[in-house]
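# Architecture and fold: a report
One letter stands for each residue in the lines below.
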Amino acid sequence: MNKFMAFQPVWLTDMVYQYVRSRQIPGGVVVLVSHNGRTFDVPFLKKEFSRCSYEIPSDWLFADTLPLARAVMKSKGSKVPSKISLQALREHYGIPLIGPAHRALSDVHSLALVLQRLTYDLKLPVSGLIQGSFK
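An unreviewed UniProt entry lists the chain under the name Exonuclease DPD1, chloroplastic/mitochondrial, with Sesamum angolense as the source organism. Taken from UniProt, the Sequence similarities (unreviewed entry) comment for the chain reads in full: "Belongs to the exonuclease superfamily. TREX family."

Encoded structure:
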């Protein structure tokens, strides 16, 4: 973790919490999607929330596109590499890069389009994505 991230003020965690809650359908769940989230993004988010004395709400779920990508490759009989980057998936699906790689907005755009393609290839409905998510 870099020095900037170690000193994020509590208001930033509060802002993320309030932003997500403001877009949540009443009575619905929130599914936060990331690539390789189970080992990187989700532990980081949980640690930051804990550090700021927040709990991740029980109706927030996490979905990771990495296992979905592996499942697609396996279903197509492809050899599944140990590392499958978001960039490799974007290129595989012919998704153009919008903005610089590894910047938040361009990665979010790429991830949204990759998620669409993965769920289509797997014939995975939203309910299946939710069922496969984790806390």
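### Quick notes on the overall build of the chain
The helix and strand inventory of the chain stands at 7 helices and 2 strands. Tracing the chain from N to C terminus, the helices and strands come up as α-α-β-α-β-α-α-α-α. Counting only C-alpha atoms and orienting by the principal axes, one finds that the chain spans roughly 45 × 35 × 25 Å. Within the span of the chain, comprising 135 residues, buried residues form 30% of the whole. Counting only contacts in the chain whose residues sit at least 6 apart along the sequence, the fraction spanning at least 24 positions is 70%. Here the chain displays about 9000 Å² of accessible surface, and carbon together with sulfur accounts for 62% of that area.

### Quick notes on unusual backbone geometry
Although it is not a glycine, Ser-53 adopts a positive phi angle of roughly 60 degrees. Within the secondary structure, Ser-53 is located in the loop between α3 (41-51) and β2 (60-64). Its relative accessible area of 69% is what places Ser-53 among the exposed residues. Look at Lys-123: it is not a glycine, yet its phi comes out positive at around 55 degrees. One can find Lys-123 in the loop between α6 (104-122) and α7 (126-131). Using a relative accessible area of 71% as the deciding quantity, one classes Lys-123 as exposed.

### Comments concerning helix α4 (residues 65-75)
Taken as a whole, α4 has its buried residues at Thr-65, Leu-66, Leu-68, Ala-69 and Val-72. The arc enclosing the buried residues of α4, seen along the axis, measures out at 160 degrees, which places them on a common side. Exposed residues on α4 whose side chains face more than 90 degrees from its buried face are Lys-74 and Ser-75. Elements in contact with the buried residues of α4: β1 (30-34), β2, α5 (86-92), α6 and α7. Two or three places before Leu-66, at the opening of α4, Asp-64 has a side-chain oxygen 2.9 Å from that residue's backbone nitrogen. The first or second residue beyond α4 is Gly-77, which carries a positive phi of 75 degrees.

### Focus on the layout of surface pockets
To find leftover empty space, a probe the size of one water molecule is rolled over the atoms. The calculated volume of the second largest pocket comes to roughly 240 Å³. Of all the elements in the fold, those that place two or more residues in the lining of the second largest pocket are β1 and α7. If one sorts the elements of the lining of the second largest pocket by residue count, β1 sits on top with 4 residues.

### Some remarks on a nonpolar patch on the surface
Judged by side-chain polarity, Val-29, Val-126 and Ile-130 come together as a nonpolar surface patch covering roughly 240 Å² of accessible area. Residue position: Ile-130 is located in helix α7.

Conventions and cut-offs
Residues numbered from 1 in each chain as written. Predicted model: local features only at pLDDT ≥ 70, side-chain atom pairs only at ≥ 80, totals over all residues. Heavy atoms only, no water. UniProt positions renumbered as here; feature names shortened; annotations may be inferred. Helix = DSSP H or I, 4+ residues; strand = E, 2+ residues; numbered from the N terminus. Buried < 20%, exposed > 50% of the residue type's maximum accessible area, 1.4 Å probe, protein only. Contact = heavy atoms within 4.5 Å. Areas by Shrake-Rupley, 256 points an atom, 1.4 Å probe, with all protein chains shown as cover. Arc of directions from axis to C-beta. Polar contact = N/O pair within 3.5 Å; in protein donor to acceptor, adjacent residues only side chain to side chain. 1 Å grid on protein atoms, 1.4 Å probe; cavity = no way out; pocket = protein on both sides within 12 Å on 5 of 7 lines; lining within 4 Å. Points joined across faces, edges and corners; volume = space filled by probe spheres on them. Patch = residues over 30% accessible without salt bridge, like charges linked within 9 Å, V, L, I, M, F, W, Y side chains within 5 Å. Salt bridge = Lys/Arg side-chain N within 4 Å of Asp/Glu carboxyl O.

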